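If you want the building blocks of each chain, they are given just below.
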Amino acid sequence: MTGTEDQRRLLELFDRLLDIPPEDRNAWIGKHAADDADLRARLEAMLKGHGIESGPLDHSPVSAAGLGDSTQDGERLRALLDETLGERYEIESELGRGGMAIVYRARERKHDRIVVLKVLRPELRPFLGDDRFEREVRIASQMSHPNIVGLIDSGTAGGLPFFVMPYVEGETLRTRLERDGPLPVATARTVMQDIAAGLDHAHRLGIVHRDLKPENILLTGDHAYILDFGIARPFEDGDQDTLTRPGLALGTPRYMAPEQREGRSVDFRTDLYAWGLIAREITADEPPPAWADVVQVCLQPNPADRPADAGVIIRALERDGPGAWSLGRLAGRAWPWTAAAVALALLAWGAVSRAGSPPASSEPSVAAAPPSLATPFAVAPFRNETGDPDYDMLGRLAADWIVQGLQEADAGPVVPWSASRAAAEELATWGGPPDSASADLAETLSAGTLIDGAVYAIGGRLSFRARVTDARTRRVVSAPPPISVAPDSAEHAIRELRDRILGSLAIERDPLLARIPGLSGNPPILEAYRAYERGLELFEAQEYGEAQREYERAFALDTSFLVPKLSAAIAMYNQGLWEEVDSTLAYLEVRRDRLTEYHDFRRRSMVAQRQGDGQRAYRLELRRAELGPTPLGSYNAANLANDLNRPGEALRLLSNLDPNAPGIRGWAQYWTQLAHAHHGLRQFDQEVEAAREMWARFPERRVATVLAARGLAAAGRHAELDSLFAALQLLPADTYWSLGAALVVAGEETRAHLGDAAAAAAYLDRAVTWLQARLDEKPDDRSHRYWLASARYDLEDFAEAERLFRALSTDYPDRTDFRTGALVASAQLAGPEAVRARLEADGEPVHGHELARRARVEAAGDNADRALSLLTEGLRHGISGLPWLHATSLPDLGRFAADPRYVAALGSVRLPTAYP
């Protein structure tokens, strides 16, 4: 076999071969290479070279296939590297060859240190390309953790991608096991803790390893380092690996989770399954009782039954007593411990069992709703509570790094580290308790906010704790969870602690986020907070898709920060991404104990909405509004009140909010809901004022112009309405809330509230003319197509409306409003019987908007009893978009406007009475 295509086919067949159970592989080779002895020989050689139990550098299936592994080839590559990289790296020896790369031991000339240089095999580049190797570089560049062998440098050499890692003396876990057998319990515990800590870091970044096994674990003494992220991938890329064949089970079969073996989608829990297999292997299938349960849970066949994240494993291994962890408590679906609760438990345990551990009474009390922080910031040297003076330096290093972080983040005035250190040394004769010493330092430095902390020794590991205190009131406003690491990894703990402190301060200084209960007590890392804040800004701008992506990035950066996950669900909801919403809510359901009560009310409210229970959702939002001063709960409750036809309650909730307050000032939707509430109460003049205020504050939000047109039309203020249309004529036409939309709404409202059919038809005819002219220029404009179909329906041109709506629903099958238009227009033409089968295909109606759609279909056939019964039931659930329904449904439901049941449901649109 020669040539690139033949080589590609060979590797594709080999990939498929690895999916076959070992006992069936020879038969499979015989079937697929029956007429090609050379192909059969190469596949058998590659299978032998693959070495299921071997590591990434032991054997090469590519070499076994004879695709370029000669001594001459190796010498040419070595010469190429010497020529292109010789000024930076002196290559000393070849360490090994994997299926994708060759690895060298080299000396970095600049820093005179030994490193590992990994370069893509030249013979693979023509048919693998650089993608997979470059992805490994991208992944490695994101990670900085003491239990992951990270990245020093990367680039290309003679067109071949390479990257450089630290050289770590040691041996693989496989080598240790083969030489010495199962590990002693204490060593096994340390090794598995280190692996879990490295996985937790990778998973926080959204990265799944997918090939965790003893060959990819490097041991130095009793500490473990994760190697080889060659087939890892960022989880946010989606369930399908774009660099490999769909359904391909990449990895080492012996350590694959069931979903990975079967080629199904994988996530973080796939790595936890491999962790459980390794834990069982290094303890000869008899893990100590103290952590046997966590191993058993990791090995559950169903990913949903495994731990929620690697942090669960870490916390389990940090406890001593047998039987402390049951399956129910460890499984992701029923994990009741918050990070703060675990930290408290650990600290309490350490107080009685470890010298130099913090007393239980020293746990600070965090303010629930802290005031804004005063400046300047001052950072005290962290106290050394380990009992070992060699760790004094760590306290000073922690403080120095935090000061640098504050200065780089432009947090505000910061007392220079030199001044803080000098003052602390001057006060070194403190005799009082730590709190008193910190207060003295804050007073000496005239600090507004003080950051201090301590380093403890717990169970052979260092635990770093910090707190942020308002120096004026001596109230602790934030206390990140303790960070525990091996003694030789202190700098990584300090870096993470600094990020969490900066994230906490960013929240405290943000007027909106500071008012969200529970955010600051367990702050995210700073970069996660920044992504979350960008998501908030995009959400306020109604850029829901972009907001969703930023929220999901924030969560990927810090998976302990669940708030952006919930926010992502809200953004999905606003896009109508129902499957994604349900999946995210299910994810949050099993982690509900890690949400604050405030945020869990929001989650439960969304679940109620998805179940069609608008009244329960409304009650939950009211309770959320009572928990904190943030306006979000009241706003959402008002939104639901409008959908439940309770405009008076909506107006009360909105009127109690200050539209200039943080969190509402930039929220244009507040004015939309205010206009809806006034319209529902027939307060049309106030509705127009709300719309005008919205337009003045947010001139880019064209919905304000349509809300104004609605109020002016309902009030019969035609001269002002004509002036508005003249202004809209000058604005860009390519928008959903266009002049055409305003003309359609004006026609509907004129007929609904004034009963003036002629004036209504005049507005609708103008809309048809304008919209058709736009579509002649741009036939595929979805917004103009929708408004044209609506105008035709309002004019009772049901045949044309049905044609237009049907075309829209074909082009955009996920849009329920398009489907509703087509169904109701069809019912007008042929009667409800003609479309009931299509309605039944949608399943049993649960949500209010589905019940309202069926009510309109029945109304088209003059079935008053059925129509009004469905409408009443829909209102009990809550009908999304209800403030528009009374006008858009005039050709169907409007025929019952005089019926007492219609008045009870929607109120009479033609009588000057308020809605009930």
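Draft legend 1. The packing of helix H32 (residues 739-754) against helix H33 (residues 757-777), seen in detail. Orientation of H32 relative to H33, taken along the N-to-C sense of each, is 165 degrees, at an axis distance of 8 Å. By the angle class used here, H32 and H33 are roughly antiparallel. Where H32 crosses over H33, the handedness of that crossing is left-handed. Where H32 approaches H33, its residues Leu739, Gly740, Leu743, Val744, Ala746, Gly747, Thr750 and Arg751 are matched on the opposing element by Ala759, Ala760, Tyr763, Leu764, Arg766, Ala767, Trp770 and Leu771. For the contact of H32 with H33, the residue count by class is 11 nonpolar, three polar and two charged.

Draft legend 2. Broad picture of helix H39 (residues 864-877). In this model H39 runs 20 Å from its N-terminal to its C-terminal C-alpha over 14 residues, within 8% of the 20 Å that 1.5 Å per residue would give. Taken as a whole, H39 has its buried residues at Ala864, Ala867, Leu868, Leu870, Leu871, Gly874, Leu875 and His877. Buried residues in H39 make contact with helix H25 (614-627), helix H26 (632-643), helix H38 (848-860), helix H40 (882-888) and helix H41 (900-906). Of the residues one or two after H39, Gly878 is the one with positive phi, at around 100 degrees.

Draft legend 3. Representation of the sheet that holds strand S8 (residues 217-220). As summarised here, the arrangement of the three strands in space is S6-S8-S9, forming an open sheet in which the pairing is antiparallel. Two strands bound the open sheet, and with one partner strand each, they are strand S6 (171-172) and strand S9 (223-226). Inspection of the sheet shows S6 paired to S8 by two bridges, in the antiparallel sense. Pairing of Thr172 across the sheet is with Leu218, part of S8. Together, S8 and S9 form the strand contacts of helix H9 (residues 185-204), whose direction differs from that of S9 by roughly 30 degrees.

Draft legend 4. Just the packing of aromatic side chains, in detail. Counting across every chain of the model gives 17 aromatic pairs. When the centroid spacing of 5.7 Å and the interplanar angle of 45 degrees are considered together, the rings of Tyr532 and Tyr551 count as tilted. With Tyr532 in helix H20 (residues 526-540) and Tyr551 in helix H21 (residues 544-557), the pair connects residues that are 19 residues apart, well separated along the chain. Each member of the pair Tyr532 and Tyr551 is classed as buried. Relative to Trp787, the ring of Tyr786 lies with its centre 5.2 Å away and its plane at 70 degrees, an arrangement referred to as edge-to-face. Of the two residues examined, Tyr786 and Trp787, each falls in the buried class. Members of the aromatic cluster, each reached through a chain of ring pairs, are Tyr736, Trp737, Tyr786, Trp787, Phe805, Tyr812, Phe818 and Trp884. Taking NZ or CZ as reference, Arg591 lies 3.5 Å from the ring centre of Tyr587, over its face. Above the face of the Phe818 ring, Arg815 is positioned so that its terminal group lies 4.4 Å from the ring centre.

Draft legend 5. A look at the side chain of Asp643. Assignment of secondary structure puts Asp643 in helix H26. Among buried Asp, Glu, Lys and Arg side chains, Asp643 stands out as unpaired, with Arg710 the closest opposite charge at 10 Å. Not counting residues up to four positions away in its chain, the partners in contact with Asp643 are Leu875, Gly878, Ile879, Ser880, Gly881, Leu882 and Pro883.

How each quantity is defined
- Residues numbered from 1 in each chain as written.
- Predicted model: local features only at pLDDT ≥ 70, side-chain atom pairs only at ≥ 80, totals over all residues.
- Heavy atoms only, no water.
- Axes fitted to C-alpha atoms, helices over the stretch in contact; angles between N-to-C directions.
- Helix = DSSP H or I, 4+ residues; strand = E, 2+ residues; numbered from the N terminus.
- Parallel < 35°, antiparallel > 145°, perpendicular 65-115°, else oblique.
- Left-handed = near helix turned anticlockwise from the far one by under 90°.
- Contact = heavy atoms within 4.5 Å.
- Nonpolar A, V, L, I, M, F, W, Y, C, P; charged D, E, K, R; others polar.
- Expected span 1.5 Å × (residues − 1).
- Buried < 20%, exposed > 50% of the residue type's maximum accessible area, 1.4 Å probe, protein only.
- Pairing = 2+ DSSP bridges.
- Phe/Tyr/Trp six-rings, centres within 6.5 Å; stacked < 30°, edge-to-face > 60°.
- Lys NZ or Arg CZ within 6 Å of the ring centre and 35° of its normal.
- Lys, Arg positive; Asp, Glu negative; His and termini not counted.
- Salt bridge = Lys/Arg side-chain N within 4 Å of Asp/Glu carboxyl O.

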